[in-house]
Amino acid sequence: MKKLKAQELEEIRLWMYRNARQIELALWQYYFENGSQESVLAALAMYQNADGGFGNALEADSWNTESSPYTTLYAINILNGIHFTDTGHPLMQGIFRFLESGVYSDDDGWWFNIPTNDDYPHAPWWTYDSSANKFESIGVSAGIAGFILQFSSKDTQIYQKALLVADKLIEKLHTPENLGEMGVGGYIALIDVLHRLNMADRFDLDFLSDAVKQLVNKAIERDVSKWGLYGKKPADFIRSPESEFYAGNEEILQQELDYTVDTRVEKGVWGITWSWFDNNEKYPKEFAISENWWKAAVAIEKVRLLKNFDRIE
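Quick caveat, the model's predicted, so the values are computed rather than measured.

(A) Region of interest: the overall build of the protein chain. Along the protein chain, the regular secondary structure elements total 12 helices and 2 strands. From first element to last, N terminus to C terminus, the protein chain shows the α and β order α-α-α-α-α-β-β-α-α-α-α-α-α-α. Taking 20 Å as the expected radius of gyration for a compact globule of 313 residues, we find that the protein chain reaches 19 Å, a close match to that expectation. The C-alpha extent of the protein chain, read off along each of the three principal axes, is 55 × 45 × 40 Å. By residue count, 51% of the 313 residues in the protein chain fall in the buried class. Relative to all contacts within the protein chain whose residues are 6 or more apart in sequence, the contacts with residues 24 or more apart total 67%. Here the protein chain displays about 14900 Å² of accessible surface, and carbon together with sulfur accounts for 49% of that area.

In structure tokens:
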């Protein structure tokens, strides 16, 4: 069993302090140095727009300044990660204001990409494509619906919309086809919320769990030689031993933990497994910056993973 050594962790810490944006540095401090929620909230607020949504390259592959559902979900996931639940806080109030506005949403949920993405440097998958939204929006809608069900009042229109969206998402699992890049992860987040809210009387959670388990097992790339490419590794779905998806995937997850320790760049952090492809040539400087921003975010997630599985000395 390979573990991240204390000196290696210190090298990562130094890289973070020398390279990371304030938001990722605040998250690093929160998770590993007893940092505060307040520091994370202050950094996150810099990416929130007047309409309450988030943009401004918080998600480093899209430099759109306008609020989008996806970037707002990215902020929601940060709040979930630090266990922030104060619905009266301006950040949370703003998120609900944005979602309640109905912008970039329809009866099926919230859009993955938006037209104004094309006006800013971005990765090719953020180029606006209404046909891609039909399936790529599944994961976004699942994440946002779960957030609303957890924190909104039951007598609001947005709560009722979240219920209907969740119904449609679960119905899709009876005949699953293309669920998009984020689909399985979105369903995992939704399952977690519905279980914690004890909503088995409203949703068929046994079916939901069984269906998503099958999707997770199918999505995991089990050829270790391909892990250097952009694909789904076990930890994309299994973040701790308590995950309901860990059973049956213990061996492959443990292999990934060894792989994670082995693939860190000497005296630095991990590289990313994607690029902006043809857009690299169109936005070479922006991608170089984005890549460094992502390295910080990836470092946080990998060190959290190693910590959760007791792989740090």
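(B) Quick look at the packing of helix α6 (residues 130–151) against helix α8 (residues 183–196). Relative orientation of the contacting elements α6 and α8 amounts to 15 degrees, with a least axis distance of 7 Å. Relative to α8, α6 is oriented roughly parallel. In this structure, the crossing between α6 and α8 has a hand that is left-handed. Together, I138, G139, A142, G143, G146, L149 and Q150 of α6 and G183, G186, Y187, L190, V193, L194 and R196 of α8 make up the contact between the two elements. Tallied by class, residues from the contact of α6 with α8 come to 7 nonpolar, 6 polar and 1 charged.

(C) Up close: unusual backbone geometry. In this structure, N198 is a non-glycine residue whose phi angle is positive, near 55 degrees. Within the element layout of this structure, N198 appears in the loop between α8 and α9 (205–219). One non-glycine residue with positive phi stands out, namely F277, at about 50 degrees. Topologically, F277 is positioned in the loop between α10 (250–262) and α11 (278–282).

(D) Just a negative patch on the surface, in detail. Together, D204, D206, D210 and E244 line one region of the surface with negative charge. Within the secondary structure layout, E244 lies in the loop between α9 and α10. On the basis of relative accessibility, which here comes to 31%, the residue E244 falls in the partly exposed class.

(E) Here's a closer look at the side chain of K302. If you trace the backbone, K302 turns up in helix α12 (residues 284–308). Despite its burial, K302 pairs with no opposite charge, the nearest such side chain being E256 at 5.2 Å. In contact with K302, other than residues within four places in its own chain, are T260 and W270.

(F) Molecular detail of empty space enclosed by the protein. According to the stated counting rule, one finds 1 cavity of 30 Å³ or more in the structure shown. By volume, the largest cavity is sized at about 60 Å³. The residue makeup of the lining of the largest cavity, split by class, is 4 nonpolar, 7 polar and 1 charged.

Calculation notes
Residues numbered from 1 in each chain as written. Predicted model: local features only at pLDDT ≥ 70, side-chain atom pairs only at ≥ 80, totals over all residues. Heavy atoms only, no water. Helix = DSSP H or I, 4+ residues; strand = E, 2+ residues; numbered from the N terminus. Rg over C-alpha atoms; globule rule 2.2 N^0.38 Å. Buried < 20%, exposed > 50% of the residue type's maximum accessible area, 1.4 Å probe, protein only. Contact = heavy atoms within 4.5 Å. Areas by Shrake-Rupley, 256 points an atom, 1.4 Å probe, with all protein chains shown as cover. Axes fitted to C-alpha atoms, helices over the stretch in contact; angles between N-to-C directions. Parallel < 35°, antiparallel > 145°, perpendicular 65-115°, else oblique. Left-handed = near helix turned anticlockwise from the far one by under 90°. Nonpolar A, V, L, I, M, F, W, Y, C, P; charged D, E, K, R; others polar. Patch = residues over 30% accessible without salt bridge, like charges linked within 9 Å, V, L, I, M, F, W, Y side chains within 5 Å. Salt bridge = Lys/Arg side-chain N within 4 Å of Asp/Glu carboxyl O. Lys, Arg positive; Asp, Glu negative; His and termini not counted. Charge placed at Lys NZ, Arg CZ, Asp CG, Glu CD. 1 Å grid on protein atoms, 1.4 Å probe; cavity = no way out; pocket = protein on both sides within 12 Å on 5 of 7 lines; lining within 4 Å. Points joined across faces, edges and corners; volume = space filled by probe spheres on them.

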